[in-house]
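If you want the building blocks of each chain, they are given just below.
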Amino acid sequence: MKLQPSSFTSKLLLAVAAVCLLCISGEYRTVRLQDEQKERPAPQEKSSAFEYVCPMHSNVKSKTKGTCRKCKMTLVKKRAPKTTA
């Protein structure tokens, strides 16, 4: 003879399961918000000063796209070194 859970017991178990799921999802949301609110490193100064340099001849530089006058390779865009006054 199988024992059938009563209607009250079934509803109680369903309610407990629902509360557990709500708690778990609330914890997940809290952790996600905390991760988003963590301090991010300050953005570095954006330098718009770029120059184009030959990958083979570092002394060949240009302010515009082009090719190396020595080996005809395409110049690569690199951040210009900061100059101190």
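Refer to the preceding data block for the structure.
Below, the structure is looked at part by part. (Residues numbered from 1 in each chain as written. Predicted model: local features only at pLDDT ≥ 70, side-chain atom pairs only at ≥ 80, totals over all residues. Heavy atoms only, no water.)

## With respect to the overall build of the chain
- Within the chain, the regular secondary structure consists of one helix and three strands.
- From first element to last, N terminus to C terminus, the chain shows the α and β order α-β-β-β.
- Per-residue burial for the chain yields a buried fraction of 9% across its 85 residues.
- Looking at the chain alone, contacts between residues at least 24 apart form 26% of all its contacts between residues at least 6 apart.
- About 8,300 Å² of surface is accessible on the chain, with carbon and sulfur atoms providing 60% of the total. (Helix = DSSP H or I, 4+ residues; strand = E, 2+ residues; numbered from the N terminus. Buried < 20%, exposed > 50% of the residue type's maximum accessible area, 1.4 Å probe, protein only. Contact = heavy atoms within 4.5 Å. Areas by Shrake-Rupley, 256 points an atom, 1.4 Å probe, with all protein chains shown as cover.)

## Examining the nonpolar core
- One finds Tyr52, Cys54, Val60, Cys68 and Leu75 forming the largest nonpolar core, which totals five residues.
- Residues within four places of Cys68 in sequence aside, it is in contact with Cys54, His57, Val60, Met73 and Leu75. (Core = buried A, V, L, I, M, F, W, Y, C linked by side-chain atoms within 4.5 Å.)

## Observations regarding the environment of Lys65
- With respect to the helices, strands and loops of the structure, Lys65 is situated in the loop between strand S2 (61-62) and strand S3 (76-79).
- Judged by its relative accessible area of 69%, Lys65 is exposed.
- Remark: the alpha-carbon pair of Lys65 and Val76, spanning eleven residues in sequence, is separated by 8.0 Å.

## Side note on the sheet that holds strand S1 (residues 50-53)
- Taking strand neighbours across the sheet as the criterion, the three strands line up as S2-S1-S3 in an open arrangement whose pairing is antiparallel. Each edge of the open sheet carries a strand with a single partner, namely S2 and S3.
- Sheet topology note: the S1/S3 ladder contains four bridges and is antiparallel. Across the sheet, Phe50 pairs through a bridge with Arg79, a residue of S3. (Pairing = 2+ DSSP bridges.)

## Structural notes on unusual backbone geometry
- Non-glycine residue Lys72 carries a positive phi angle of around 65 degrees.
- Mapped onto the secondary structure, Lys72 falls in the loop between S2 and S3.
- We classify Lys72 as exposed; its relative accessible area is 58%.

## Some thoughts on a nonpolar patch on the surface
- A contiguous nonpolar surface patch, about 320 Å² in accessible area, is contributed by Phe8, Leu12 and Val16.
- Mapped onto the fold, Phe8 is located in helix H1 (residues 7-37). (Patch = residues over 30% accessible without salt bridge, like charges linked within 9 Å, V, L, I, M, F, W, Y side chains within 5 Å. Salt bridge = Lys/Arg side-chain N within 4 Å of Asp/Glu carboxyl O.)

## Things to note about the environment of Lys82
- Checked against the element boundaries, Lys82 lands in the segment after S3.
- Accessibility expressed as a relative area gives 71% for Lys82, which makes it exposed.
- For the pair Lys82 and Ala49, spaced 33 residues apart in the sequence, the C-alpha separation amounts to 8.6 Å.

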